[in-house]
Amino acid sequence: MLKNIGTLDRKVFESFLGTELAVGANENHGEVEIIVKSNSDIKRLARELGASAEILSDRFAIISLPWDSVDDLLSHPAIIHAELPVALVPHIFESRRDVCVENVWSPDGFALSGAGTLVAIIDSGIDYRHPDFTNDDGSSRILYIWDQEGTGTPPSGFNDGVEYTEEQINAALASPQPYTVVPQQDVLGHGTAVAGIAAGNGRSSEGRNKGMAPKASIISVKLKPGKELSAVRNTQVMRAVKYVFDRAKELGMPLAVNLSYGTNNGSHDGNSLFEEYISDMAEHWKSVISVATGNEGAAGHHYSTKVKQSERTTVEFSVSENLTSLYLVVAYDFVDTFNFQLSSPSGMSSGEITGDNPSVVMHIDNAAVYLNYGHPTPYDADQIVYIQLMAKEGAVPSGLWRLYVQGVNIVDGRIDMWLPTVEDVSNGTAFLRPTTNTTLTIPSTALRAIAVGGYNARIGASAAFSGRGYTRNEVYVKPDLVAPAVNIVSTRVGGGYGTFTGTSMATPFVTGAVALMMEWGIINENDEGMYGQRVKAFLRKGATRQQGTTYPNPIWGYGALCIQASMDIARQSAISSERGRRDLIGRRRG
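Since the model is a prediction, treat every value here as computed from it, not as a measurement.

Peer 1: Looking at this structure, I do not really get the pairing of strand β19 (residues 359-364). What am I missing?
Peer 2: When a strand is regular, its side chains alternate between the sheet's two faces. Of the pairings in the sheet, the one linking β19 to strand β20 (residues 367-373) comprises six bridges and is antiparallel in character. From the neighbouring strand, M362 faces β20, where its bridge partner is V369. Between the end of β19 and the start of β20, which pair antiparallel, lie two residues, with D365 showing a positive phi angle near 55°.

Peer 1: Can you help me understand the pattern of salt bridges in this one?
Peer 2: Summed over all chains, the structure comprises 25 salt bridges. For R534, the salt bridge is made with D527, and the minimal N-O distance between the two is 2.7 Å. With a relative accessible area of 31%, R534 lands in the partly exposed category.

Peer 1: Explanation requested: the side chain of S139 in the structure shown.
Peer 2: Checked against the element boundaries, S139 lands in the loop between β7 (118-123) and β8 (142-147). A polar side-chain atom of S139 sits 2.6 Å from a polar atom in the side chain of D137. Apart from the residues lying within four places of it in its own chain, the contact partners of S139 are T134, N170 and L173.

Peer 1: What is the right way to look at the state of the cysteines in this model?
Peer 2: Applying the stated criterion to the full structure yields one disulfide. A sulfur-sulfur distance of 2.3 Å marks the disulfide that ties C100 to C562. Between C100 and C562, the S-S dihedral sits near -125°, and the bridge is therefore left-handed. One end of the pair, C100, is in the loop between α4 (95-98) and α5 (102-105); the other, C562, is in the loop between α12 (533-542) and α13 (563-589), with 462 residues separating them in the sequence. For the pair shown, C100 and C562 are each scored as buried.

Peer 1: Mind showing me how you'd approach the sheet that holds strand β15 (residues 302-306) here?
Peer 2: Where strands meet in a sheet, backbone hydrogen bonds hold them as pairs that are either parallel or antiparallel. Judged by pairing direction, the sheet is antiparallel, and its six strands sit side by side in the order β15-β23-β17-β21-β20-β19 without closing on themselves. Looking at which strands have only one partner, the edges of the open sheet turn out to be β15 and β19. Going from strand to strand, the sheet's axes swing by 15° on average, the running direction of each strand aside. When strand β17 (residues 325-333) meets strand β21 (residues 382-391), the two strands line up antiparallel, connected through nine bridges. By the bridge assignment, Y327 is partnered in β21 with Q388.

Peer 1: Can you help me understand the sheet that holds strand β18 (residues 337-343) in this one?
Peer 2: In spatial order, the strands read β18-β22-β16-β24; together these four strands make up an open sheet with antiparallel pairing. Either end of the sheet is taken by a strand with one partner, and the two such strands are β18 and β24 (430-431). The pairing of β18 with strand β22 (residues 399-409) spans seven bridges and is antiparallel. Within β22, the position partnered with F340 by the bridge is V405.

Peer 1: What is the right way to read helix α11 (residues 503-523) from this model?
Peer 2: For α11, with 21 residues, the first-to-last C-alpha span of 29 Å sits near the 30 Å given by 1.5 Å per residue. Summarising burial for α11: 20 of the 21 residues are buried, a large majority. The positive-phi residue at the C-terminal boundary of α11 is E525, with phi of around 60°.

Peer 1: I'm lost on the environment of A565 in this one. Help?
Peer 2: For A565, the position within the fold is in helix α13. Note on A565: relative accessible area 23%, which makes it partly exposed.

Peer 1: Honestly, the nonpolar core in this entry has me stumped. Any pointers?
Peer 2: Nonpolar side chains in soluble globular proteins generally cluster together in the buried interior. With 61 residues, the main nonpolar core has V510, V514, L539, L561 and I563 as its most contacted residues. Broken down by element, the residue count for this core peaks at 12 residues, all from α11. Setting aside residues no more than four positions away along its own chain, I563 makes contact with V99, C100, V101, V104, M212, A513, M517 and L539. Within the second largest apolar cluster, 41 residues are counted, among which are L88, F158, A240 and Y243.

Basis of the calculations
Residues numbered from 1 in each chain as written. Predicted model: local features only at pLDDT ≥ 70, side-chain atom pairs only at ≥ 80, totals over all residues. Heavy atoms only, no water. Pairing = 2+ DSSP bridges. Helix = DSSP H or I, 4+ residues; strand = E, 2+ residues; numbered from the N terminus. Salt bridge = Lys/Arg side-chain N within 4 Å of Asp/Glu carboxyl O. Buried < 20%, exposed > 50% of the residue type's maximum accessible area, 1.4 Å probe, protein only. Polar contact = N/O pair within 3.5 Å; in protein donor to acceptor, adjacent residues only side chain to side chain. Contact = heavy atoms within 4.5 Å. Disulfide = S-S within 2.5 Å. Axes fitted to C-alpha atoms, helices over the stretch in contact; angles between N-to-C directions. Expected span 1.5 Å × (residues − 1). Core = buried A, V, L, I, M, F, W, Y, C linked by side-chain atoms within 4.5 Å.

Given below as structure tokens:
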């Protein structure tokens, strides 16, 4: 039986080219990119199909192959599950004191700086010329840069981009024309700001604006953008995660990974291959992956309700002007059956849409509408319905759209919907009666990653924009904790500093804190198991919690980052463990 590719049958795939449902298509080369989970030799399978495979781990890979070979791939017994890529966007929108780091830096405290650890910034690139990423002698603190959109020699195991080594970066810094040596540049400035918070050393400000782990080594991946400059495929992120883990293992360094990108395209339950891969890699090596929860808390991009048997519910959402496309993701338990009907601002209707026709292409006013009913996977019992609106010319009709939901055969009745992130469509596109919870972006929903929300440290209040938990059906408690996210001072492209807002800026506080904990535990040999879920546990336990608030909390998680409290708990745990070990040895000798 033909397997399903991320809820989209290959036979319909070509008609959806250019839509969110086919973001993995390479129209110039007639190929499609597919994420696969396999129980066999993927490279051998790829050779048999005339495809190329990039191995991400012992279970995951990205396969690029001609459209005509997709059926052969999906019907192969070695393929457990396959999904199409989706697009992600960066979450752009006196904090060191608020995260309690001064005493952790102090010689009279823990005297930590991140030395010996590796901080990975998977983002829009990095301004490697910024003084805060160089040592006092002018040499670079960046060990590697992989520019995924560059031209040259890619890292081993990958097909695209160019890798620059520490030696090449230092040669560029010494050159009067550095970009002729290492042409990688951070056009958006997002990655540079994130890197400064996690690991900048503050050289441009005499240490006043240094990041959390100022002596950590840095590895940067500049993600390859899609048609929109800020959007990237999740497959690019997966490649980047594999790459930084490979380099960390080769260097023998504990790894703190920062990922400040996300998407609303999915069921938000942690069960897609993308989310599972992030969670799976968080168990590899001496590592921790921290992910931003996104800026969707107040965006009005999530709607949830209960629909009864034979009930007809109207879901209204506004579409702002000048949008050429947008999507709507609908998720519910497969045990339920719903029919849908879509109506444009002019009142033109799609007519009733049922699951009897799993893939539909229709035209409503100036919009081409692509609708696909997904199917349960081996890891997810939900039904996912993707609806994509694309302007036939100009823009999608702006104004009030309505989606009518008819309960046909209802057991559970809960239905969730998401519009694209605010970075995709702005606040002007929103549900009229939104649901603020379950506004985490993917992959912060991955189980073993640390999901980081944001708060306004100056007033001690939650940030309205911060993505809120929990995951769909409250499968996992997310976020894990929050960090400062409003008017954060950090490194700016071209030198100096700027102010930045968003959960993108909260996440590197946690990433840097992770590096400090790894230095104390692994590098300084106080606790060689200081990585993975152990680090998450100490960060949760040491988080600051307000009186009168119930924890864990969909907004605050387990509380606000306080690295000193987490370090105090970790040190006491190490003392207790050593005392217990000695007592056990004494009893055995006795």
